Each structure stands twice: as structure tokens, then as C-alpha cells.
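For reference, the chains in residue letters:
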Amino acid sequence: MKNIFKSSLLIFMFSISLISCRNTEETDDNGDELTETERLMRDPDNKVEVKDGGDKIKITKEDGSEIKIKKDDGEYKKKVDNADGSEYKLKIDDGEVKEKTDN
């Protein structure tokens, strides 16, 4: 009985070590982790529009929600219009972060 318990414990520990060593994060060609925006842009179901040399990005998701990202003179703005009508805004200006959520 002790041998069965020890054997099963060793097999369990070995299987956990194999699972925990997997790399589950998406990475780019250089091995760097992808940002949320990069993952959304790579999704083939999403429609992506890039304007002004990358300073304006509009991502339309399959469910109808839109994500708009804009860069102006060191100021970043992100606006998310969800399909259910709710809205989220994020503004980063000189290290100052402002968030606003409308339902």
C-alpha cells in the first residue's frame, strides 16, 4: 500500500512539474510577451484600422464592440464601446492616469 501511494505521489508531482513549465503566454517573433492590443490585432475575427502612421488604431470585434486607441503628443487615450452600450475611457497624460466608465 505504501509503494502504491509513493508511486502515485511521484507520478503526480512529475505531471505537475511538466504542466507548470509550459509557456502559455503568446509571444511575438522576438519572444516578447504580446500586449492586449497586439493580441486583438492578430485575431483574424477582428477588423483593424490603423491611421496616421500607427497613432490611431480602431479595432472592431466580432461581437460589435469597438476599441479606439489614440496617441497625441505623449498623451494616450483608449476608448472601449461595448456592444451592450456601456463605455470605458482611459487617458494617460504625463504619467497621470484617468479612468471613466459609463453604463
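Everything here concerns the structure above.
Now for a description of the structure that goes with this document. Not measured: the values here are computed from a predicted model. Within each chain, residues carry numbers counting from 1 in the order of the written sequence. The predicted origin of the model limits local features to residues at a pLDDT of at least 70 and limits the giving and counting of side-chain atom pairs to 80 or more, whereas totals for whole chains, interfaces and linings rest on all residues. To get the side-chain values, take all heavy atoms of the structure and skip hydrogens and water.

## Focus on the overall build of the chain
Worth spelling out the cut-off: Numbering of helices and strands runs from the N terminus, with a helix taken as a DSSP run of H or I at least four residues long and a strand as a DSSP run of E at least two residues long. A 1.4 Å probe rolled over the protein chains alone gives each residue an accessible area, and that area as a share of the maximum for its type sets the label: buried under 20%, exposed over 50%, partly exposed in between. Contacts between residues were defined by any pair of non-hydrogen atoms, one from each residue, lying within 4.5 Å. With residues, only the protein chains shown are counted as cover, and all accessible areas are computed by Shrake-Rupley using a 1.4 Å probe.
Across its full length, the chain holds two helices and six strands. Ordered by position from the N terminus, the helices and strands of the chain form the series α-α-β-β-β-β-β-β. Of all 103 residues assigned to the chain, the portion counted as buried reaches 15%. Within the chain, residue pairs in contact and separated by at least 24 positions form 3% of the contacts whose partners lie at least 6 positions apart. Surface summary for the chain: the accessible area is close to 8,400 Å², and the carbon and sulfur share equals 49%.

## Quick word on the pairing of strand β3 (residues 66–72)
Applied cut-off: Here, strands pair whenever DSSP counts at least two bridges between them.
Here five bridges tie strand β2 (residues 56–60) to β3, and the two strands are oriented antiparallel to one another. Opposite Thr60, over in β3, you have Glu66 as the bridge partner. Hairpin geometry of β2 and β3 is characterised by an intervening segment of five residues between the two adjacent antiparallel strands and by a positive phi of about 100° at Gly64. Pairing of β3 with strand β4 (residues 75–81), which is carried by seven bridges, proceeds in the antiparallel orientation.

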